[in-house]
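Coordinate analysis (summary)
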Amino acid sequence: MPSFFASDGRNLLFSGLMQDGVARTDLATGNSLPPLELGYAMSGGFLPGRPIFWAASGMGILKLWDTRDWSPLLTTYLLAGGKFVAVTDEGRYDSNLGPDADQFRWLVSDAPFQSLPPQTFMRDYFEPRLTQRLTDCTAARNCDRVLKPIPSIATLNRALPQARITGISPGAEPGTVEISFELREGVIGNRRSGVYNPRLFLNNRFLSHTPDEPYDVTETLADWRRVNALTAPGPDGVYRYTFVEKIPTTGSDKLTFSVYAFNEDRVKGETATYTYTRPPGPQRTPRAFVLNIGIDGYAEPRLELNYAVADAKLIADRLITIPGYEMRHAMLVGTKGGTPVTRDVVQTALGMLAGFPPGPDIAKLAGLGFDVSQLDNATPDDIVILSFSGHGWADPQGNFYLVPADGKWSVGAPQPDSESLLSAADLTMWLRAIKAGEIAFIIDACHSGASVDSGSFKPGPMGDPGLGQLAFDKGIRILAATQANDVALESAQLAQGLLTAALGKGLTPQGGPADLNADRRITLDEWLRYAVQELPRLAQGSGAARGFTIRQAPTATSAKPAVQEPALFDFTNVASPVILRGAR
């Protein structure tokens, strides 16, 4: 008895319990056609409106074929716990397994006895959202443009640098440790790996790396090698380092440190790990730093907004208390005609959270009316929640900028003076230095999705510069008001930006509907996810055709208001331990 029948009017496909593969028949001639290879096929069918046939196996395999020539498109292996690995014949893959997962490895034909971890070819072969992108471009017949060419595996250096954590001991200051590790080149035949840009992590969250400032322009591989190469190994060829880092003094006393480096072709080496048991000692009081930035007033009057300051105040109000944390608040708000929130003002406030010496700028900010006295050097026991409401902009290359009050965007100019703005590179540098255990960044501005993903970002251990890479490495949750190519709106009816209004609705002093799993508590990630779900409904219900201001300078090409689609970039794959509202 067949397991299934499927037909598109030209072909009949079916499979039986004892049949090897999916049988095909040409309905016009009645002739049998070569079967599709898939053992124990249990179900299948044609995707509506697309030249694609799918079949699922009882062995946990799902395959797709292009019905124009019946070539295989994609094979997806369904694993326990909702995990998967999807691969094409040419080696592109997608997976929700981590880069250090041991459920699959690479085997290359010219080295059959060497198995390599998933991350070895992640930079070139990993394709997020591969199934959707492949089915879309197959239907549109433009996969050669949508999916960039991939190099031959044989051309990549597969010699991987070796890392080892040699010891961890308490530091001279309470709440710190000294981590010693070493790195050496890997060798395959006569090919050496080189050792580049080692990175240190605590509980899968980025701590430090060396060279310390790999943020020069690295558009070519040669540039990247120049900036990130290690120098001066020991006489035995081994690079040895000792980093002093703060650790959490509360929570579990089992801490997992890890380190890895890259080879000369930016291929990640295997990760070395070390479990450290924190000795008893004094505990820090956990603090929650909430910094809210809202800019209505701009040096150029045509840039003025109406509700960005109201946004900052609403977020501050909703986060007035967080159970279990000593609250530390600061607001940088620029009203129309008031003291401007400039680039230097924002940098100074973020620098305080990063532990930079405050110097005379703190007194200067106080003299301007900005009270940042509660900001301090954040530690791994602390959390940091940042919000920005104001103008945002992405250049034609996809580079994202926040527009401070002194941002220059002349009338008639197609784009602003980028040197006067806050770039994603600036934000990356400042946020990288903040050592908090949890960081969330809310951006209620146009094109804010480009802060993380302008089209080419891949969430993985790539060692790239940029805010997306930092968000992946540090577990920073970034909530963007829009997609990279879209605008953010503020509503006269709501007297808020739409993203902030959704956040305000989700979290109230009594609790709120952001309790998505109905467990009578609202975690930080739930609150952010609720805003993503609620914003489109809120926009449609508040009169989307009227009363909106676009948070982008008016130009001849400004986009028309539409249903706004936010984006949450959360690469942690775990619920936040921060509970904003507990059971009552």
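As a starting point, this report considers the structure included with it. (Residues numbered from 1 in each chain as written. Predicted model: local features only at pLDDT ≥ 70, side-chain atom pairs only at ≥ 80, totals over all residues. Heavy atoms only, no water.)

1. Digging into the overall build of the protein
- Regarding its fold elements, the protein presents 11 helices and 35 strands.
- Relative to the compact-globule value of 25 Å for 584 residues, the protein shows a C-alpha radius of gyration of 26 Å, a close match.
- Its C-alpha atoms give the protein principal-axis dimensions of roughly 85 × 70 × 55 Å.
- Burial statistics for the protein: of 584 residues in total, 53% are counted as buried.
- Pairs at least 24 apart in sequence give 66% of the contacts found in the protein among residues at least 6 apart.
- For the protein, the accessible area works out to roughly 25700 Å², and carbon and sulfur atoms hold 53% of it.
- Averaging the positions of the 54 positive and the 62 negative side-chain charges in the protein gives two centres separated by 2 Å. (Helix = DSSP H or I, 4+ residues; strand = E, 2+ residues; numbered from the N terminus. Rg over C-alpha atoms; globule rule 2.2 N^0.38 Å. Buried < 20%, exposed > 50% of the residue type's maximum accessible area, 1.4 Å probe, protein only. Contact = heavy atoms within 4.5 Å. Areas by Shrake-Rupley, 256 points an atom, 1.4 Å probe, with all protein chains shown as cover. Lys, Arg positive; Asp, Glu negative; His and termini not counted. Charge placed at Lys NZ, Arg CZ, Asp CG, Glu CD.)

2. Focus: empty space enclosed by the protein
- Scanning the entire structure with this criterion turns up 5 cavities of 30 Å³ or more.
- By volume, the largest cavity is sized at about 90 Å³.
- The wall of the largest cavity is formed by Leu-291, Ile-293, Val-346, Leu-350, Leu-386, Ser-387, Phe-388, Leu-402, Leu-422, Leu-427, Leu-431 and Phe-441.
- Elements represented by at least two residues in the lining of the largest cavity include exactly strand E22 (287-295), helix H6 (343-354), strand E24 (383-389) and helix H8 (424-432).
- Counting residues per element, the lining of the largest cavity draws most heavily on E24, which supplies 3 residues.
- Class assignment for the residues of the lining of the largest cavity results in 11 nonpolar, 1 polar and no charged.
- There is about 70 Å³ of room inside the second largest cavity.
- In terms of lining, the second largest cavity is formed by 14 residues, of which the most central are Gln-119, Thr-120, Arg-123, Arg-266 and Val-267.
- Among the elements that make up the lining of the second largest cavity, the one with the highest residue count is helix H1 (residues 122-125) (3 residues). (1 Å grid on protein atoms, 1.4 Å probe; cavity = no way out; pocket = protein on both sides within 12 Å on 5 of 7 lines; lining within 4 Å. Points joined across faces, edges and corners; volume = space filled by probe spheres on them. Nonpolar A, V, L, I, M, F, W, Y, C, P; charged D, E, K, R; others polar.)

3. Things to note about the pairing of strand E12 (residues 111-116)
- For strand E11 (residues 106-108) and E12, the ladder comprises 3 bridges, and the chain directions are antiparallel. By the bridge assignment for E12, Val-108 is matched with Ala-111.
- Between E11 and the antiparallel strand that follows it, E12, lie 2 residues. (Pairing = 2+ DSSP bridges.)

4. Some remarks on the nonpolar core
- Counting 59 residues, the largest nonpolar core has Leu-291 and Leu-332 as its most contacted members.
- Element by element, the count of residues in this core is highest for H6, at 7 residues.
- Setting aside residues no more than four positions away along its own chain, Leu-332 makes contact with Leu-291, Asn-292, Ile-293, Gly-294, Val-341, Val-345, Val-346, Ala-349, Phe-370 and Val-372.
- If you look at the next biggest cluster of nonpolar residues, it comprises 34 residues, including Met-327, Leu-479, Leu-538 and Ala-539. (Core = buried A, V, L, I, M, F, W, Y, C linked by side-chain atoms within 4.5 Å.)

5. A word on the sheet that holds strand E7 (residues 61-66)
- Within the open sheet, the 6 strands sit side by side as E5-E6-E7-E8-E9-E10. Their pairing is antiparallel. With one partner strand each, in any of the chains shown, strand E5 (41-46) and strand E10 (93-95) form the two edges of the open sheet. Here the average twist between neighbouring strands, direction ignored, is 15 degrees.
- The sheet contacts of helix H2 (residues 130-140) involve strand E6 (52-57), E7, strand E8 (71-78), strand E9 (84-87) and E10, and relative to E8 the element is tilted by about 160 degrees. (Axes fitted to C-alpha atoms, helices over the stretch in contact; angles between N-to-C directions.)

6. A look at the sheet that holds strand E34 (residues 567-569)
- The 6 strands are arranged E23-E22-E24-E28-E29-E34 in an open sheet whose pairing can be described as mixed. Among the strands making up the open sheet, the edge pair consists of strand E23 (326-334) and E34. Geometrically, the sheet is characterised by an average inter-axis angle of 10 degrees between neighbouring strands, direction not taken into account.
- Pairing of strand E28 (residues 438-444) with strand E29 (residues 477-480), which is carried by 4 bridges, proceeds in the parallel orientation. Following the sheet pairing, Ile-443 is matched in E29 by Ala-480.
- With respect to the sheet, H6 is in contact with E22, E23 and E24, its orientation differing from that of E22 by roughly 175 degrees.
- Relative to the sheet, helix H10 (residues 498-506) contacts E24, E28 and E29, its axis offset from that of E28 by approximately 130 degrees.

7. Observations regarding the packing of aromatic side chains
- This model, assessed by the stated rule, comprises 24 aromatic pairs.
- The structure contains a cluster of three or more aromatic residues connected by ring pairs, namely Tyr-93, Phe-104, Trp-106, Phe-121, Tyr-125 and Phe-126.
- Over the ring of Tyr-260 we find Lys-268; its NZ or CZ atom is 4.3 Å from the centre of that ring. (Phe/Tyr/Trp six-rings, centres within 6.5 Å; stacked < 30°, edge-to-face > 60°. Lys NZ or Arg CZ within 6 Å of the ring centre and 35° of its normal.)

8. Some words on the packing of H6 against helix H7 (residues 360-368)
- Closest axis-to-axis distance for the H6/H7 pair is 10 Å, and the angle between their directions is 125 degrees. With respect to their mutual orientation, H6 and H7 come out oblique. By crossing handedness, the relation of H6 to H7 is classed as left-handed. Between H6 and H7, the residues in contact are Val-345, Thr-348 and Met-352 and Asp-361, Ile-362 and Leu-365, respectively. (Parallel < 35°, antiparallel > 145°, perpendicular 65-115°, else oblique. Left-handed = near helix turned anticlockwise from the far one by under 90°.)

9. With respect to the environment of Leu-47
- Relative to the assigned elements, Leu-47 resides in the loop between E5 and E6.
- For the pair Leu-47 and Leu-64, spaced 17 residues apart in sequence, the C-alpha separation works out to 9.6 Å.
- In contact with Leu-47, not counting residues within four places along its chain, are Ile-52, Trp-54 and Thr-135.

10. With respect to helix H5 (residues 308-318)
- Of all 11 residues that make up H5, 8 are buried, and the element is covered over most of its length.
- Turning to H5, its buried residues are Ala-308, Val-309, Asp-311, Ala-312, Leu-314, Ile-315, Ala-316 and Arg-318.

11. A look at the pairing of E29
- Residues Arg-477 and Leu-479 line one face of E29 and the alternating positions Ile-478 and Ala-480 line the opposite face, and both faces are buried.
- As a crossover connection, the stretch from E28 through helix H9 (residues 467-474) into E29 is right-handed. (Right-handed = clockwise from strand over helix to strand, strands pointing away.)

12. A closer look at the environment of Ala-23
- One can find Ala-23 in strand E3 (residues 20-26).
- We classify Ala-23 as buried; its relative accessible area is 16%.
- When the C-alpha atoms of Ala-23 and Pro-35 are compared, they prove to be 4.6 Å apart, with 12 residues separating the residues in sequence.

13. Quick word on the side chain of Ser-423
- Checked against the element boundaries, Ser-423 lands in strand E27 (residues 422-423).
- By relative accessible area, Ser-423 is classed as buried at 12%.
- Once residues within four sequence positions are removed from consideration, Ser-423 is found in contact with Phe-400 and Tyr-401.

What is shown is where atoms sit, not what they do.
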